[in-house]
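# An overview of the molecular structure
These are the residues of each chain, in order.
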Amino acid sequence: MPLVNMRDMLYHAYDNNYAVGAFDLVSLDFLEAVIGAAESCRSAVILSIAEPHFAHYDFELMLPAVEAAAKRASVPVAIQLDHGSSLESAIKAINLGCNGVMLDASNQSFSDNIEHTRAVVEMAHQCGVSVVGELGYVAGKEGEGAEQHPGETTFTLPSEAKAYVQRTGVDFLAVSIGTVQGRMNGRAKLDYARLKQLNQTVNIPLVIHGGSGLNEEQFHKLTLNGVVKIDYYTALSDVAAKAMRKRSKENPGGSFTDLKKDVKEAIGNEVQRCLRQWGSAGRAAEVLERCEPWLVVEHLIVHNMDAQSTQSIDSLMLEGKQILSEIPGVREVFTGEVMKENSKYSCCWSVRFTHKAALESFHRHQHFDSFLQKKFKPNVSDLIRIDYQERLVNLA
Ligand SMILES: [Zn+2]
């Protein structure tokens with residue numbers, strides 16, 4: 001169960017002045033290491049899937065594993081799409097199981113950033129999913145040397161931030177105050193005065209990207225000024241690569257599994273160090289208490305085909321499946337025919353949603369309504385529709 005609402009998780013951090021780690025995963029080693037580390041230090045954690053990394057793995061194959069790991073974890077977990085580039089990728093991520101979305105339109109003009117972010121917020125909120133927006137530009141690229149991607153960092157302006165938050169409706173704001181994504185030479189100089197002003201102006205929790213390379217004192221000051229989520233990847237990539245290089249030196253003819261033998265442990269140690277340093281270790285139980293569990297919701301339809309119907313059952317189901325699957329928050333559309341002869345209802349549909357909010361917006365969605373009125377109702381009889389929510393079974 002411990003898949004929880006990311007918004008509740010981060011508000012617990014906001015109220016208690018600490019930060020939760022959002023760790024980008026690029027393989028199953030990362031996934032297992034991050035979950036294992038969070039469990040051993042009893043911390044909430046965010047499993048993060050970053051769109052710029054999609055070249056390295058198949059997102060559609062990775063997410064089911066991430067979700068399975070989250071569901072069997074003993075600590076509260078949320079799953080976020082990191083650096084989403086568009087409304088389409090946000091919809092896809094939500095339909096595949098992400099319950100937090102970070103839209104990165106920070107390289108666009110102020111007004112374009114607002115317009116694109118607002119569209120994602122409207123859609124995501126209808127699915128119960130919270131959104132991180134980014135204003136100001138954090139240069140660099142996760143996992144690589146910052147000097148290879150020198151781009152111009154633009155600091156977040158408090159005056160713009162206020163308007164941005166009001167006009168987009170984002171739940172959390174990623175700010176640029178001197179961190180860099182990727183590895184940098186020397187230590188970042190952070191603009192705390194700006195951070196303090198941003199925290200007072202926007203009145204929502206803040207997020208930092210480019211956390212690798214900061215020291216304990218810097219992290220501490222961030223959490224005292226409204227930062228609740230730190231997105232972290234480069235240092236994990238570095239310790240993993242180092243562990244493989246060390247193995248390869250010791251055992252030059254080693255197999256793939258030999259070379260990556262110490263990777264999980266190296267990542268896990270670094271994640272544990274972070275969770276302790278950022279103050280989230282040891283708090284899993286109180287976070288879990290505070291969070292809405294993230295439960296699947298299902299809309300069930302059973303019916304018979306109308307004797308007078310001209311439409312075939314196959315074409316009705318195919319069309320319905322296509323139309324309904326594209327609605328934000330719809331995870332799966334199952335269509336079935338009855339297995340026993342002379343049963344009362346011959347056809348069944350089950351539409352599965354990310355969250356109960358997604359079900360409510362689905363009922364109002366115009367594609368669903370027009371399919372129901374124009375295609376469905378004229379062709380079916382004995383229609384029954386019922387909604388169900390996943391039931392939490394507490395065996396303790
Ligand atoms: Zn980032």
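The structure under discussion appears in the preceding block.
Notes on the structure follow. (Residues numbered from 1 in each chain as written. Predicted model: local features only at pLDDT ≥ 70, side-chain atom pairs only at ≥ 80, totals over all residues. Heavy atoms only, no water.)

### Focus: the overall build of the protein
Across its full length, the protein carries 15 helices and 14 strands. By the compact-globule yardstick of 21 Å for 396 residues, the protein fits well, its C-alpha radius of gyration being 23 Å. Dimensions along the principal axes, computed over C-alpha positions, put the protein at roughly 75 × 55 × 45 Å. With 396 residues in all, the protein has 52% of them scored as buried. For the protein, the proportion of contacts with a sequence separation of at least 24, taken over those separated by at least 6, is 75%. A total of about 18,200 Å² of accessible surface is found on the protein, and carbon and sulfur atoms cover 50% of it. Here the protein contributes 40 positive and 49 negative side-chain charges, whose respective centroids are spaced 4 Å apart. (Helix = DSSP H or I, 4+ residues; strand = E, 2+ residues; numbered from the N terminus. Rg over C-alpha atoms; globule rule 2.2 N^0.38 Å. Buried < 20%, exposed > 50% of the residue type's maximum accessible area, 1.4 Å probe, protein only. Contact = heavy atoms within 4.5 Å. Areas by Shrake-Rupley, 256 points an atom, 1.4 Å probe, with all protein chains shown as cover. Lys, Arg positive; Asp, Glu negative; His and termini not counted. Charge placed at Lys NZ, Arg CZ, Asp CG, Glu CD.)

### Let's talk about helix α7 (residues 192-202)
Taken together, the buried positions of α7 are Arg194, Leu195, Leu198, Asn199 and Val202. Taken end-on, α7 shows its buried residues confined to a sector of 135 degrees, consistent with a single buried face. What points out from α7, more than 90 degrees from its buried face, is the exposed set Ala193 and Gln200. Summarising the contacts, the buried residues of α7 are in contact with α1 (6-15), α6 (158-168), β7 (172-175), β9 (206-209), α8 (216-224) and β10 (227-232). Where α7 terminates, the next one or two residues include Asn203, which has phi positive at roughly 65 degrees. (Arc of directions from axis to C-beta.)

### A look at the nonpolar core
Side chains that are nonpolar tend, in soluble globular proteins, to be buried together. In terms of nonpolar packing, the biggest core is built from 118 residues, with Phe23, Leu47 and Leu173 touching the most fellow members. Ranked by residue count, the leading element in this core is helix α2 (residues 28-40), at seven residues. Once residues lying within four places of it in the same chain are set aside, the contact partners of Phe23 are Val34, Val45, Ile46, Leu47, Ser48, Tyr232, Leu236, Val271, Cys274, Leu275 and Trp278. (Core = buried A, V, L, I, M, F, W, Y, C linked by side-chain atoms within 4.5 Å.)

### Remarks on the environment of Ser312
As for its position among the elements, Ser312 is in the loop between β11 (297-305) and α13 (313-325). For Ser312, a relative accessible area of 40% gives the class partly exposed. Remark: the alpha-carbon pair of Ser312 and Ala73, spanning 239 residues in sequence, is separated by 45 Å.

### Focus on the sheet that holds strand β12 (residues 330-337)
The antiparallel open sheet is built from four strands, whose spatial order is β12-β13-β11-β14. Looking at strand neighbours, the two that pair on one side only are β12 and β14 (380-389), the edges of this open sheet. Here the strands of the sheet are splayed against their neighbours by 15 degrees on average, with no regard to which way each runs. Helix α14 (residues 356-364) contacts β11, β12, β13 (347-353) and β14 of the sheet and is inclined by roughly 40 degrees relative to β11. (Pairing = 2+ DSSP bridges. Axes fitted to C-alpha atoms, helices over the stretch in contact; angles between N-to-C directions.)

### Points about the environment of Asn5
Locating Asn5 in the fold gives a position in the segment before α1. You can call Asn5 buried: its relative accessible area is 8%. Sequence spacing of Asn5 and Met305 is 300 residues, and the spatial spacing of their C-alpha atoms is 40 Å. The residues contacting Asn5, other than those within four sequence positions of it, are Asn99, Gly128, Cys291, Glu292 and Trp294.

### With respect to the side chain of Glu134
Examined against the element boundaries, Glu134 turns out to sit in strand β5 (residues 130-135). Within the buried core, Glu134 has no salt-bridge partner, and the shortest N-O distance to an opposite charge, that of Lys229, equals 8.9 Å. When neighbours within four sequence positions are excluded, Glu134 is seen to be in contact with His83, Met102, Leu103, Asp104, Ser106, Asn113, Tyr164, Leu173, Ala174 and His209. (Salt bridge = Lys/Arg side-chain N within 4 Å of Asp/Glu carboxyl O.)

### Considerations on the sheet that holds strand β2 (residues 45-50)
Read around the closed barrel, the eight strands follow the order β1-β2-β3-β4-β5-β7-β9-β10; overall the barrel is parallel. Averaged over all pairs of adjacent strands, the angle between strand axes in this sheet comes to 25 degrees, irrespective of strand direction. As paired strands, β5 and β7 are joined by four bridges and run parallel to one another. When the sheet's bridge partners are listed, Val132 is paired in β7 with Phe172. The sheet contacts of helix α4 (residues 87-95) involve β3 (77-84) and β4 (100-103), and relative to β3 the element is tilted by about 160 degrees. Taken strand by strand, α7 contacts β7, β9 and β10, and its axis lies near 145 degrees from that of β9.

### With respect to the pattern of salt bridges
Applying the stated criterion to the full structure yields 16 salt bridges. A salt bridge links Glu32 to Lys264, with the shortest nitrogen-to-oxygen separation between them at 2.8 Å. With Glu32 in helix α2 and Lys264 in helix α11 (residues 263-277), this residue pair connects regions lying 232 residues apart in the sequence. Judged by relative accessible area, which is 42%, Glu32 ranks as partly exposed. The salt bridge involving Lys246 is made with Glu250; its shortest N-O contact spans 3.5 Å. Note that Lys246 and Glu250 are positioned in helix α9 (residues 234-250) at a spacing of four residues, about one turn of the helix. Look at Glu250 and you get exposed, because its relative accessible area is 53%.

### Things to note about the packing of α2 against helix α3 (residues 59-72)
For any two helices packed against each other, one specifies the inter-axial angle together with the distance between the axes. Axis separation between α2 and α3 bottoms out at 11 Å; the angle between their running directions is 15 degrees. With respect to α3, the element α2 is oriented roughly parallel. Where α2 crosses over α3, the two elements pack in a sense that is right-handed. Each of Leu28, Leu31, Ile35 and Glu39 in α2 lies in contact with α3, whose residues at this interface are Ala65, Val66, Ala69, Ala70 and Arg72. Residues that form the contact of α2 with α3 fall into these classes: seven nonpolar, no polar and two charged. (Parallel < 35°, antiparallel > 145°, perpendicular 65-115°, else oblique. Left-handed = near helix turned anticlockwise from the far one by under 90°. Nonpolar A, V, L, I, M, F, W, Y, C, P; charged D, E, K, R; others polar.)

Function cannot be read off these values alone, since they describe shape.
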